[in-house]
Amino acid sequence: MSEPVDVSNLLAQIPKADKGLPPVHLWNTAFCGDIDMRIARDGTWYYMGTPIGRKPMVKLFSTIIRRDGDDYFLITPVEKVGIKVDDAPFVAVTLEVLGQGEQQILRFTTNVEEQITAGSEHPLRIVIDPDTQEPAPYLLVRRNLEALIHRNVFYQLIELAVARPIDGQSWLGVWSSGVFFPIGPEPA
């Protein structure tokens, strides 16, 4: 492991992008060690145990996060540092519904103000906790980075749910961008 990473130095290494996100998937930077940064399940970013209160800083960090296997990193062309993520690096905090039926479009906004339209490139998935049977809904944001869908937003999805047969069973789910996303079996 090398010298401790200075967060302000890490910020200075983020290339200025004209448009879009930095190409973190193309960078093969050497691992520099872990830093004491954590993203809590509610989307709060912590550095050295203290919440990062500057939203522009969090938004900037969110553009250089990458997931390799089960590990998360902040990566620049110069440094790659490990961080902890409690659940998902983003939280979908609002939902905009355009249209209805099979033509319906569901547009989510994350805690870092990124807008994602659910569809074939950005699928929804529901994970059921085997112990509590609680659903945990997720939206693919980019590559293998997901947003946990906030409980209030999930309730909105439930209200939009329609029944559709899948493999001989009736499922409740939602349409977005021409794709049906199952939420769960329709209660009998």
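That block above? That's the structure.
None of the values given here were measured: they were computed from a predicted structure. (Residues numbered from 1 in each chain as written. Predicted model: local features only at pLDDT ≥ 70, side-chain atom pairs only at ≥ 80, totals over all residues. Heavy atoms only, no water.)

Chemist: Would you mind going over the overall build of the chain with me for this structure?
Modeler: On a plain count of helices and strands, the chain comes out with three helices and 15 strands. Sorting the 188 residues of the chain into buried and exposed places 42% on the buried side. Per element, the accessible surface of the chain, about 10700 Å² overall, is 51% carbon and sulfur. (Helix = DSSP H or I, 4+ residues; strand = E, 2+ residues; numbered from the N terminus. Buried < 20%, exposed > 50% of the residue type's maximum accessible area, 1.4 Å probe, protein only. Areas by Shrake-Rupley, 256 points an atom, 1.4 Å probe, with all protein chains shown as cover.)

Chemist: Is there a simple way to explain the sheet that holds strand β9 (residues 115-117) in this structure?
Modeler: The strands that make up a sheet pair up through hydrogen bonds in the backbone, lying either parallel or antiparallel. One open sheet accounts for six strands, arranged β9-β8-β7-β12-β11-β10; its pairing is mixed. Looking at the sheet topology across the chains shown, the edges are occupied by β9 and β10 (124-128). This sheet shows a mean twist of 40° between the axes of neighbouring strands, independent of strand direction. Where strand β7 (residues 90-98) and strand β12 (residues 145-149) come together, three bridges link them in parallel fashion. (Pairing = 2+ DSSP bridges. Axes fitted to C-alpha atoms, helices over the stretch in contact; angles between N-to-C directions.)

Chemist: Which parts of the structure should I look at to understand helix α2 (residues 55-62)?
Modeler: Residues separated by three or four positions in an α-helix point in the same direction, a consequence of the helix having 3.6 residues per turn. Among the residues of α2, M57, V58, F61 and S62 are the ones counted as buried. For α2, the arc enclosing every buried residue in end-on projection is 135°, short of the 170-degree limit, so these residues lie on one face. (Arc of directions from axis to C-beta.)

Chemist: Is there a simple way to explain the pairing of β12 in this structure?
Modeler: Each regular strand carries side chains that alternate between the two faces of the sheet. Burial analysis of β12 places five of its five residues in the buried class, the great majority of the element. Because side chains alternate across β12, one face comprises the buried residues L145, A147 and I149, and the other comprises E146 and L148, equally buried. Here four bridges tie strand β11 (residues 135-142) to β12, and the two strands are oriented antiparallel to one another. Within β12, the residue paired with Y138 across the bridge is L148. Linking β11 to β12, which pair antiparallel, is a turn of two residues; within it R143 sits at a positive phi near 40°.

Chemist: Hey, could you run me through helix α3 (residues 151-160) in this one?
Modeler: Of all the residues in α3, the buried ones are V153, F154 and L157. Buried residues of α3, seen end-on, are gathered within an arc of 100° and therefore sit on one face of the element.

Chemist: Would you mind showing me how to read the pairing of β7 here?
Modeler: Direction of pairing for β7 relative to strand β8 (residues 105-110): antiparallel, over a ladder of six bridges. What sits directly across from T94, in β8, is T109. Following β7, the chain reverses through six residues before pairing antiparallel with β8; G99 in that reversal takes a positive phi of roughly 75°.

Chemist: What exactly am I supposed to notice about the environment of Y46 here?
Modeler: Here Y46 lies in strand β2 (residues 45-47). For the pair formed by Y46 and D36, sequence separation is 10 residues and the distance between their alpha carbons is 8.0 Å. Y46 has contacts with D36, M37, R38, A40, P51 and I52, leaving out every residue within four places of it along the chain. (Contact = heavy atoms within 4.5 Å.)

So yeah, pure geometry; function would need other evidence.
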